[in-house]
Amino acid sequence: MKLASRLNKLQISIYSELAALKEEIKHTGKTLIDLSIGSPDLSPPREVQELISEQALDDRVYDYTLTRGTAEFREACANWYKQRFNVDLDPETEVLPVMGSQDGLAHIFWAFIDKGDAALIPDPGYPIYTDGLALVEGEKIPLPLLSTNDFLPDFSQLSPQQAQKAKLMILNYPNNPTTATAGPEFFDQVVEFASKYKIIVCHDAAYTELAYAGTKPVSFLQAEGAKEVGVEFHSLSKSFNLAGLRLGFVVGNARVIKALETIKTNIDYGSFRPFLKAGTMALSSCQKTIETNQQTYKRRSEIWFKGCEEAGWDITRPRATMFVWAPVPTKQDSLSFVMDLARKSGVLLVPGVAFGEHGEGYVRIGLVQKEALLKEAVNRIKTFLLNED
Ligand SMILES: Cc1ncc(COP(=O)(O)O)c(C=O)c1O
C-alpha cells in the first residue's frame, strides 16, 4: 500500500513521541498528570446538555442541515457579535457555521491556496495552520512570534517579495501557545498591511472569551476596513466547554465566506440540528459559563504562577487562554526537558518546538486539570528542579 506523499508533510512526529511517552509513564505505575492537552475539563452549561438530550429524541431533527446550518444559529452568531464586539454582520452572507474552528481553519486553504501559493503562518503556531497549508501543497512563510515583540508578528521584518507572494495570513489572538493578546492598534496595522499587499486575513479567535486579570480581547473585525480583507474564526469549544460538540463559526468578508462554503458543501452536510440549537442557546444565554471559566482559569494560573515563583522558575503571568507559555528552566532543549520531566515526575507538558522552530526554548503548560492536581504537578516540578540543581 503506497500512501499519498502529503501524509509525510504532516507534523506528526513530536505528537507521536508524546503519545509514546504517555504510554511509557502509564506502564511505570507513576500517576501521570497530563498538562499537554488543550481540551477543557470544565462542564458545559447544564441547560445546553438538557436541550441536546431532549432534542435528540425528536425524529425530525435527523435531516441534513447542510453547510450553512440554520438561520437561527447564524442569527445567534451575528447577535452575539453585535453584543460582544459591536460589529454588525449579515447572518445570510457574513456568517457560516463550521464543525469546530479546526474544520474552518483546515479548509480555508482549499479555497485560496493552489500548489506553490504562499501563506504567512505564525511560528510558534497552532499546528493546523501549517498542516492545513501542507495538505494543499502551499508554501509556508513563517511569521516569527518573539518575546521581544510581545509575541506579535513584526511585518517590517518581511521582505517586500515575501509580502507580495503571500495570498493569505493566519493570526491568532489571544494566542495559543504564547498566551499573548493583541490590541486594536495591532489589528489596524494588520488591515493596513493586508490591504497594501492584498492578503486575505484569517484571524483565529478561539480564545477571545478566555481572558482574565482585567483583559478583554478585541475582535479583528473591530478594526476599520477589516471586513474588506478577512474573516474571523470562533469556537464554542473553549468559550462554553463544548469541545466535543464540534461547533464554531466564521464571520466577516462575504466572498471569503462564500468560498469556504463552496469547499465545505462538497465535503460535509452540516452539523446535527440539536447541536446548532445548543450553540444558539449557548451564544444567546450562557454568558455565566464564560464568567465561571474566566474565574477558574485565573485561579489556576495563579496556582501555577505562585508555584513556579517558589521553584525559582521565572515565568510571565498569563492573562488569557488556558495555557502558560514558559521558558525551559534547564539547559535542555524543549523536547529533552519535557521527556526528562515526564519520566522523573510524571508531569507531561508540550515542548515548544511542537509549535514551530521559534517555539524552541519554551514549554506549553495546559491549565486543564483541577486545582488539587495542578498543585500536585507544581510540587513535583519543584522537586524535579531542586534535584536538577
Ligand atoms: C488556537 C486554536 N484554534 C483552534 C482550535 C480548534 O478548536 P475547535 O476546532 O474545537 O473549535 C484550537 C483548539 O485547541 C486552538 O487552540
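Nothing here was measured: the structure is a model prediction, and the numbers come from that model.

Definitions and limits used
- Residues numbered from 1 in each chain as written.
- Predicted model: local features only at pLDDT ≥ 70, side-chain atom pairs only at ≥ 80, totals over all residues.
- Heavy atoms only, no water.
- Buried < 20%, exposed > 50% of the residue type's maximum accessible area, 1.4 Å probe, protein only.
- Helix = DSSP H or I, 4+ residues; strand = E, 2+ residues; numbered from the N terminus.
- Pairing = 2+ DSSP bridges.
- Right-handed = clockwise from strand over helix to strand, strands pointing away.
- Axes fitted to C-alpha atoms, helices over the stretch in contact; angles between N-to-C directions.
- Parallel < 35°, antiparallel > 145°, perpendicular 65-115°, else oblique.
- Contact = heavy atoms within 4.5 Å.
- Nonpolar A, V, L, I, M, F, W, Y, C, P; charged D, E, K, R; others polar.
- Disulfide = S-S within 2.5 Å.
- Near = heavy atom within 4 Å.
- Polar contact = N/O pair within 3.5 Å; in protein donor to acceptor, adjacent residues only side chain to side chain.
- Areas by Shrake-Rupley, 256 points an atom, 1.4 Å probe, with all protein chains shown as cover.
- Left-handed = near helix turned anticlockwise from the far one by under 90°.
- Phe/Tyr/Trp six-rings, centres within 6.5 Å; stacked < 30°, edge-to-face > 60°.
- Lys NZ or Arg CZ within 6 Å of the ring centre and 35° of its normal.

### Points about the pairing of strand β6 (residues 200-204)
Okay, step 1: Counting buried positions along β6 yields five of five residues, so the element is predominantly enclosed.
Okay, step 2: Pairing analysis gives five bridges linking strand β5 (residues 166-172) to β6, with the strands arranged parallel. Opposite Leu 171, over in β6, you have His 203 as the bridge partner.
Okay, step 3: The β-α-β motif built from β5, the intervening helix α7 (residues 184-197) and the parallel element β6 has right-handed crossover chirality.
Okay, step 4: Examined bridge by bridge, β6 and strand β7 (residues 230-235) share four bridges and lie parallel to one another.

### A short note on the packing of helix α4 (residues 101-112) against helix α10 (residues 254-265)
Okay, step 1: Here α4 crosses α10 at 100°, and the two axes come no closer than 9 Å. Here α10 runs roughly perpendicular to α4, going by the angle between their axes. Contacts between α4 and α10 involve Asp 103, Gly 104, His 107, Ile 108, Trp 110, Ala 111 and Phe 112 from the first element and Val 256, Ala 259, Leu 260, Ile 263 and Lys 264 from the second.
Okay, step 2: In terms of residue class, the contact of α4 with α10 is made up of eight nonpolar, two polar and two charged.

### Concerning the state of the cysteines
Okay, step 1: Under the criterion given, the structure shown has zero disulfides.
Okay, step 2: This cysteine, Cys 286, is not joined by any disulfide, and Cys 77 carries the nearest cysteine sulfur, 14 Å off.
Okay, step 3: Accessibility expressed as a relative area gives 2% for Cys 286, which makes it buried.

### Looking at unusual backbone geometry
Okay, step 1: Geometrically, the link from Asp 123 to Pro 124 is a cis peptide bond, its omega value of 5° lying close to zero.
Okay, step 2: Topologically, Pro 124 is positioned in the loop between β3 (118-123) and α5 (128-135).
Okay, step 3: The omega angle of the peptide bond from Tyr 173 to Pro 174 is -10°, so this bond is cis rather than trans.
Okay, step 4: Summarising the element assignment, Pro 174 is placed in the loop between β5 and α7.
Okay, step 5: We note that Ala 213 has phi near 55°; this positive angle belongs to a residue other than glycine.
Okay, step 6: Mapped onto the elements of the fold, Ala 213 is located in the loop between β6 and α8 (226-229).
Okay, step 7: Note on Ala 213: relative accessible area 33%, which makes it partly exposed.

### Focus on the pairing of β7
Okay, step 1: Most of β7 is tucked away, with six of its six residues classed as buried.
Okay, step 2: Of the two faces of β7, the one lined by Gly 230, Glu 232 and His 234 and the one lined by Val 231, Phe 233 and Ser 235 are each fully buried.
Okay, step 3: Two elements, β7 and strand β8 (residues 248-252), share five bridges in a ladder whose sense is antiparallel. The residue of β8 that forms the bridge with Phe 233 is Val 250.

### A closer look at the sheet that holds β6
Okay, step 1: Pairing is mixed across the open sheet formed by seven strands, whose spatial order is β2-β8-β7-β6-β5-β3-β4. Looking at which strands have only one partner, the edges of the open sheet turn out to be β2 (95-98) and β4 (139-144). Neighbour-to-neighbour, the strand axes of the sheet open up by a mean angle of 25°, direction not taken into account.
Okay, step 2: Along the sheet, α5 makes contact with β3, β4, β5 and β6, crossing β3 at roughly 160°.
Okay, step 3: With respect to the sheet, α10 is in contact with β2, β6, β7 and β8, its orientation differing from that of β2 by roughly 35°.

### A closer look at the site of the ligand
Okay, step 1: Taken together, the neighbourhood of the ligand is formed by 15 residues, with Asp 204, Tyr 207, Ser 235, Ser 237 and Lys 238 sitting nearest.
Okay, step 2: Measuring from an oxygen atom of the ligand, one finds a backbone N or O atom of Ser 101 at 2.7 Å.
Okay, step 3: Ser 235 places a polar side-chain atom, nitrogen or oxygen, 2.7 Å from an oxygen atom of the ligand.
Okay, step 4: Protein contacts shield 94% of the accessible area of the ligand, which totals 400 Å² for the unbound molecule.
Okay, step 5: Elements with a minimum of two residues in the shell around the ligand: α4 and α9 (236-239).
Okay, step 6: Sort the elements by how many residues they give to the shell around the ligand and α4 lands first, with three residues.
Okay, step 7: The residue inventory of the shell around the ligand, partitioned by class, reads five nonpolar, seven polar and three charged.

### Examining the packing of α4 against α5
Okay, step 1: Two elements in contact, α4 and α5, have axes whose closest approach is 7 Å; the angle formed by their N-to-C orientations is 40°. For the pair α4 and α5, the crossing hand works out as right-handed. Along the contact surface, α4 presents Gln 102, Leu 105, Ala 106 and Phe 109, while α5 presents Ile 128, Tyr 129, Gly 132 and Leu 133.
Okay, step 2: When the residues that make up the contact of α4 with α5 are grouped by side-chain class, the tally is six nonpolar, two polar and no charged.

### Let's talk about the packing of aromatic side chains
Okay, step 1: For the structure shown, the criterion picks out 22 aromatic pairs.
Okay, step 2: Plain terms: the ring middles of Phe 272 and Phe 275 are 5.1 Å apart, the flat faces sit at 85° to each other, and that makes the pair edge-to-face.
Okay, step 3: Put simply, the rings of Phe 155, Tyr 173, Phe 186, Phe 187, Phe 193, Tyr 197 and Phe 220 touch in pairs and so form one group of aromatic residues.
Okay, step 4: Between the NZ or CZ atom of Arg 300 and the centre of the ring of Tyr 297, over which it lies, the distance is 5.5 Å.
Okay, step 5: For Arg 364, the ring lying beneath its charged end belongs to Phe 323, and the centroid distance is 3.9 Å.

### Topic: the side chain of Ser 334
Okay, step 1: With respect to the element layout, Ser 334 can be found in helix α13 (residues 334-345).
Okay, step 2: In terms of polar contacts, Ser 334 uses its side chain to reach the backbone amide nitrogen of Val 353, at 3.4 Å.
Okay, step 3: Discounting residues that sit within four places of it in the chain, Ser 334 has contacts with Val 328, Pro 351, Gly 352, Val 353, Glu 360, Gly 361, Tyr 362 and Val 363.

Nothing here speaks to function; it is all geometry.
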